[in-house]
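# Topology and contacts: notes
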Amino acid sequence: MYEEMVTARHYEERLQEEYLEGKQPAFDISAGPIPGELHLAAGHEAVAAGVCAHLRDDDVVTATHRPHHVAIAKGVDLKRMTAEIFGRRTGLCKGKGGHMHLFDPEVNFACSGIIAEGSPPAVGAALAAKKRNTDGVAVSFIGEGAIDQGGFLESLNLAAVHDLPVVFVIEDNDWAISMPKERVTDVADGSQRAAGFDMPGVRIDYDDAVAVHEAAEEAIMRARAGNGPSLLEVQVHRRMGHFMGDAEAYRPEEDVERHQRLDSVERLADDLRSTGASDDELEEIEERARERVEEAIAWAKEQPEPDPEEAYEDVFVERGERHQEPAAPAGGED
Ligand SMILES: Cc1ncc(C[n+]2csc(CCOP(=O)(O)OP(=O)(O)O)c2C)c(N)n1
Ligand SMILES: [Mg+2]
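Since the model is a prediction, treat every value here as computed from it, not as a measurement.

## Concerning the overall build of the protein chain
From N to C terminus, the protein chain includes 10 helices and nine strands. For 334 residues, the compact-globule estimate of 2.2 N^0.38 gives 20 Å, and the protein chain sits close to it at 21 Å. In terms of overall dimensions, the protein chain has C-alpha extents of about 85 × 50 × 40 Å along its principal axes. Considering only residue pairs separated by 6 or more positions, the protein chain has 74% of its internal contacts joining residues 24 or more positions apart. Taking the average location of the 34 positive side-chain charges in the protein chain and that of its 69 negative ones, the two points are 1 Å from each other.

## Thoughts on the site of ligand 1
Around ligand 1 sit 15 residues, and of these H65, R66, G113, G145 and W175 come closest. Separating an oxygen atom of ligand 1 from a side-chain N or O atom of R66 is a distance of 2.8 Å. One of the side-chain nitrogen or oxygen atoms of N173 is found 2.8 Å away from an oxygen atom of ligand 1. If ligand 1 stood free it would expose 580 Å²; the protein chains cover 74% of that surface.

## A look at the environment of A42
By the secondary structure assignment, A42 is in the loop between α1 (2-20) and α2 (45-52). Taking relative accessible area as the criterion, A42 reaches 2% and is therefore assigned buried. Taking C-alpha positions, A42 is 21 Å from E284, a pair spaced 242 residues apart along the chain.

## Considering the side chain of S155
Within the secondary structure layout, S155 lies in helix α6 (residues 150-161). By relative accessible area, which is 3% here, S155 ends up buried.

## Considerations on the pattern of salt bridges
One pass over the structure, following the stated rule, counts 32 salt bridges. Of the charged contacts in the structure, one is a salt bridge between D263 and R239, with a shortest N-O distance of 3.7 Å. Of the two residues, D263 sits in the loop between α8 (253-261) and α9 (264-274) while R239 sits in the loop between β9 (230-235) and α8, which places them 24 residues apart along the sequence. For R239, a relative accessible area of 18% translates into the label buried. Among the salt bridges present, the one from R251 reaches D255, with a minimum N-O distance of 2.7 Å. For the pair shown, R251 and D255 are each scored as buried. Put simply, D174, R238, D246, E248, R251, D255 and R258 are held in one network by salt bridges that share partners.

## Considering a nonpolar patch on the surface
A grouping of L20, F27 and I29 is seen on the molecular surface, where their side chains present a nonpolar patch of about 230 Å² in accessible area. Along the chain, L20 falls in helix α1. Residue L20 is classed as partly exposed on the basis of its relative accessible area of 31%.

## Some points on α6
End to end, α6 covers 16 Å across 12 residues, agreeing with the expected 16 Å (1.5 Å per residue, within 8%). Of the residues making up α6, those classed as buried are F152, S155, L156, A159 and A160. Summarising the axial view, the buried residues of α6 lie within an arc of 125°, below the 170-degree limit, and thus occupy one face. Those residues of α6 that are exposed and angled more than 90 degrees off the buried face are E154 and V161.

## A few points about the UniProt feature "domain: Dehydrogenase E1 component" (unreviewed entry) in the protein chain
The sites that UniProt annotates as "domain: Dehydrogenase E1 component" (unreviewed entry) are residues 31-309. In the segment residues 31-309, helix accounts for 39% and strand for 13%; the C-alpha atoms at its two ends are 21 Å apart.

## Brief notes about unusual backbone geometry
With the exception of glycine, most residues fall at negative phi, and the peptide bonds are largely trans. Cis geometry is adopted by the peptide bond preceding P25, which originates at Q24 and carries an omega value of 0°. You can see P25 is positioned in the loop between α1 and α2. One non-glycine residue, N133, lies in the positive phi region at around 65°. On the basis of relative accessible area, N133 is assigned to the exposed category, the value being 71%. At D198, a position not held by glycine, the phi torsion is positive, near 55°. Take D198: it is sitting in the loop between β7 (179-180) and β8 (201-204).

## A word on the packing of aromatic side chains
Here the structure, examined in full by the defined rule, presents three aromatic pairs. On the numbers, 5.9 Å between centres and 80° between planes, the contact of F152 with F168 is edge-to-face. You can see F152 sitting in helix α6 and its partner F168 sitting in strand β5 (residues 166-172), a full 16 residues away along the chain. Exposure remark for F168: the relative accessible area of 0% places this residue in the buried category. Here the aromatic rings of W175 and Y250 are separated by 5.4 Å at their centres, their planes lie at 55°, and the arrangement is tilted. Here W175, found in strand β6 (residues 175-176), pairs with Y250, found in the loop between β9 and α8; they are 75 residues apart in sequence, far enough to count as distant. A cation over a ring is seen here: K23 above Y19, with NZ or CZ 3.8 Å from the ring centre.

Reading the values: rules and limits
The residue count restarts for each chain, going from 1 along the sequence in the order it is written. Note on labels: chains are lettered from A, ligands numbered from 1, in written order. Side-chain atom pairs in this predicted model are given and counted only at pLDDT of 80 or more, local residue features only at pLDDT of at least 70, and totals for whole chains, interfaces and linings cover all residues. Side-chain measures were taken over the full set of non-hydrogen atoms in the model, leaving aside hydrogen atoms and water. Each helix corresponds to a stretch of at least 4 residues labelled H or I by DSSP, and each strand to a stretch of at least 2 residues labelled E; elements are numbered beginning at the N terminus. Note that the radius of gyration is over C-alpha atoms, with the globule rule given as 2.2 Å times the number of residues to the power 0.38. Two residues form a contact once any of their heavy atoms are found within 4.5 Å. The sign given to each residue is positive for Lys and Arg and negative for Asp and Glu; His and the chain ends receive no count. In plain terms, the charge of a residue is placed at NZ if it is Lys, CZ if Arg, CG if Asp and CD if Glu. Only a single heavy atom is needed: when it lies within 4 Å of a molecule or strand, its residue is near that molecule or strand. Between N or O atoms, a polar contact is any pair within 3.5 Å; within protein, one atom must be a potential hydrogen donor and the other a potential acceptor, and residues adjacent in sequence are included only when both atoms are from side chains. The protein chains shown are the only cover counted for residues, whose accessible areas, like all others here, come from Shrake-Rupley with a 1.4 Å probe. Whether a residue is buried, partly exposed or exposed follows from its accessible area with a 1.4 Å probe, protein chains only, as a fraction of its type maximum: under 20%, in between, or over 50%, in that order. Salt bridges are identified by distance alone: a Lys or Arg side-chain nitrogen within 4 Å of an Asp or Glu carboxyl oxygen. Note that patches include only residues with greater than 30% relative accessible area and no salt bridge, and the join distances are 9 Å for like charges and 5 Å for nonpolar side chains (Val, Leu, Ile, Met, Phe, Trp, Tyr). By this rule the span expected of a helix is its residue count minus one, scaled by 1.5 Å. When we speak of the arc, we mean the arc of directions from the helix axis to the C-beta atoms. UniProt positions are given in the numbering used here, feature names are shortened, and annotations may be inferred rather than shown by experiment. Stacked, edge-to-face and tilted labels apply to pairs of Phe, Tyr and Trp rings (six-membered ring for Trp) whose centres lie within 6.5 Å, assigned for plane angles under 30 degrees, over 60, and everything in between, in that order. Whether a charge sits over a ring depends on NZ of Lys or CZ of Arg being within 6 Å of the ring centre and within 35 degrees of the ring normal.

Listed below in structure tokens is the structure:
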């Protein structure tokens, strides 16, 4: 878990640097090696590592518009993921999806820029596992800002009614873009929603990877054993802006400081030291993580960009099809 968390943190810090290249002095979102929006998840690592530690490649995960830490913990190919973020042809989606649309069928990972979009597909995957009589499970990650979306609430209901092997995980970072949580919902503890659907709900008030690991184990084993869904909410920390380029004028300085002080990576390092890990061992893990990230970024940057013509490939309607006149109905003018 520590290695995955350190990899995810370093990855976000390196993407932050890469992203800013060419976008200054006036912020130009389309310039530089990473065009478009970029939502970084530094401060969210513990929830991904603690939950995904219990998952197999055949289990399904759907993540949010802030997906990198979850993708890394689920075992998504880091090189192809990075190529996707850099818009390259060898990326997971041939460079057409970008950082919010990473799909890796090898490890059954998907994410979306539409909030709460991942919950219904996760329920579908859980239904498929149940019908096929496997012990596969699905996990749907969503932000606390998405817990009032109809798709999420309907998913909770369907999962409960059909006893499906799915775990819903809320990443509560207190903010939905510039909107503080208390202005969106009167339910401070999102896991209380579980009671309305007669499923277990647990909230972890601090992003302790070990506490997440324990709670997730119970939820995932419950699902795997055929005992139905559950809901887990974990307090995480948004160490950076909502997206790159967010000046965060709406956010009090103390809030930023508090979110940066409560660092789950350092917390886990302290836990590991207190149970006997040496500084050298931790440094070795960190070095390995850094190397992996650098290798993925260097590889991605060498990859070819897609040809503009490729925009017309892998679409539902082939070029030209939509302009064809419908065939005249047989028999008669009307
Ligand atoms: C259905 C839908 N409505 C609005 C948006 C615009 N939007 C993008 S991120 C976001 C806030 C998400 O907050 P949260 O779910 O807490 O996730 P966080 O960004 O904090 O990780 C919104 C409203 C969207 N992407 N999809
Ligand atoms: Mg949020």
